[in-house]
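Here's the letter readout for the chains.
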Amino acid sequence: MNYKLTLSYDGTRYKGWQRQGNTDNTIQSKIESTLGRITGENIEISGCGRTDAGVHALCQVCSFHSDTEYSCSELLRLLREYLPEDIGAVSLEQAPPRFHARLSCKSKTYMYRIVTGDAPCVFERKYVYRFDGAPDIEAMREAAGYLVGRHDFMAFCSLKSSKKSTVRTLECIEIRENKDRIEILLTGDGFLYNMVRIIVGTLLEVGEGKRKPRELMDILESRDRMLAGFTAPPQGLFLYKITY
């Protein structure tokens, strides 16, 4: 049977989503070991996307096959019982045989959360990036407009070399502002390694006046990572929404 599992998690203490050979402290490893403990099977899950170390998810979808006799409601209850408290099983349902969490995905939305000003962020420090100053939001929105569409985002990823295409489609970049809070939402058909965090860092440099909005066109065309901005820290980033 094919299953669709929706999760949320606090990525603070994990080495990212993807299973790794030198540690079992990843989200994927925790889910797979918990499912194995419940079902007695060797289960491999496929996630919609990979999140880096310290990055969170409000909505992460994964798929897996199992011959368990547990119903979906029973399996969901057991997952909630045995998973650590910073990984939440939101829902579980049977999926069509050909459903695959990553390959069936139409778009993903990431949200990056920022608090501006110099006041300490004691209770939110693990879930926001505190940015000194007040960036020019309109300049950031203008700059973001140059990134929307289908482009080669090589300059906005941390891959040193890759045989895979670095062309992606960004459907929209929305920048919300409310007093000292900024949320940047990016929706696209796929994202490269560190792509969201580099885009956010570059937009913040525009907001500081270190760059002109139109420079982002030149950065795209250059395909040179060294010309883009800094990589924003992981704790402000959330995998926010998945569309199938």
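Refer to the preceding data block for the structure.
Numbering of residues begins from 1 in every chain and follows the order in which that chain's sequence is written. Only residues with pLDDT of at least 70 are given local features in this predicted model, and only at 80 or more are side-chain atom pairs given and counted; all residues enter the totals for whole chains, interfaces and linings. Hydrogens are left out, water is left out, and the side-chain values use all remaining heavy atoms of the structure.

Caption draft 1: Layout of the packing of helix H1 (residues 27-39) against helix H2 (residues 72-82). Helix axes are fitted only over the stretch in contact, all axes being lines through C-alpha atoms; the angle between N-to-C directions runs from 0 to 180 degrees. A helix here means a DSSP run of H or I that spans at least four residues, while a strand means a run of E at least two residues long, and both kinds are numbered starting from the N terminus. Running from amino to carboxyl end, H1 crosses H2 at an angle of 120°, the nearest separation of the two axes being 10 Å. Between H1 and H2, the angle is such that the two are oblique. Here H1 and H2 pass one another in a crossing that is right-handed. Along its contact with H1, which presents Thr34, Leu35, Arg37, Ile38 and Thr39, the element H2 presents Leu75, Leu78, Leu79 and Tyr82. Note on terminology: angles under 35 degrees are roughly parallel, angles over 145 are roughly antiparallel, angles of 65 to 115 are roughly perpendicular, and the others are oblique. Should the near helix be turned anticlockwise from the far one by less than a right angle, the crossing is termed left-handed; should it be turned clockwise, right-handed. By definition, residues are in contact when any of their heavy atoms lie within 4.5 Å.

Caption draft 2: Geometry of the pattern of salt bridges. Within this document, salt bridges are pairs made up of a side-chain nitrogen of Lys or Arg and a carboxyl oxygen of Asp or Glu, the two lying within 4 Å of each other. On inspection of all chains with the given rule, the structure shows 17 salt bridges. Here glutamate 81 makes a salt bridge to arginine 77, at a shortest N to O gap of 3.7 Å. One end of the pair, glutamate 81, and the other, arginine 77, are both in helix H2, 4 residues apart, so they sit about a helical turn from each other. The rule is simple: take the accessible area with a 1.4 Å probe, protein chains only, and divide by the maximum for that residue type; under 20% is buried, over 50% is exposed, in between is partly exposed. The exposure class assigned to glutamate 81 is partly exposed, which follows from its relative accessible area of 49%. A salt bridge links lysine 210 to glutamate 208, with the nearest nitrogen and oxygen atoms 3.5 Å apart. Here lysine 210 falls in the exposed class, since its relative accessible area comes to 59%. Several salt bridges converge on common partners, so that one network encompasses Arg113, Glu124, Asp180 and Arg181.

Caption draft 3: The pairing of strand E8 (residues 167-178), seen in detail. Pairing between strands is defined by DSSP: at least two bridges between the two strands are required. Sheet analysis places strand E7 (residues 149-152) next to E8, joined by 4 bridges and oriented antiparallel. Paired with arginine 150 across the two strands is threonine 169, which belongs to E8. Across 8 bridges, E8 lies against strand E9 (residues 181-188) in antiparallel orientation. Paired with asparagine 178 across the two strands is arginine 181, which belongs to E9. Connecting E8 to the antiparallel partner E9 that follows it, the hairpin turn spans 2 residues, and lysine 179 within it adopts a positive phi of roughly 60°.

Caption draft 4: Seen up close, H2. Those residues of H2 lying buried are Cys72, Leu75, Leu76, Leu78 and Leu79. For H2, the arc enclosing every buried residue in end-on projection is 165°, short of the 170-degree limit, so these residues lie on one face. Relative to its buried face, H2 has exposed residues pointing more than 90 degrees away, namely Ser73 and Arg77. Turning to H2, the residues buried within the fold contact strand E1 (2-9), H1, strand E3 (56-65) and strand E4 (87-94). Picture the helix axis, draw a direction to every C-beta atom, and the arc is the one those directions span.

Caption draft 5: Representation of the packing of aromatic side chains within the structure. What counts as a ring pair is set by centres within 6.5 Å for rings of Phe, Tyr and Trp (its six-membered ring), and what kind of pair is set by the plane angle: stacked under 30 degrees, edge-to-face over 60, tilted for all other angles. All told, the structure shown has 8 aromatic pairs when counted by the stated rule. Between tyrosine 110 and phenylalanine 191, the aromatic rings sit 5.2 Å apart at their centres with planes inclined by 80°, giving edge-to-face as the arrangement. Here phenylalanine 191 lies in the loop between E9 and helix H4 (195-207) and tyrosine 110 lies in strand E5 (residues 107-116), a separation of 81 residues in the sequence. By relative accessible area, tyrosine 110 is classed as buried at 6%. Here phenylalanine 153 and phenylalanine 156 contribute two aromatic rings whose centre-to-centre distance is 6.3 Å and whose plane-to-plane angle is 65°, an arrangement assigned as edge-to-face. Neither phenylalanine 153 nor phenylalanine 156 differs from the other in exposure class; each is buried.

Function cannot be inferred from these measures alone, as they are strictly geometric.
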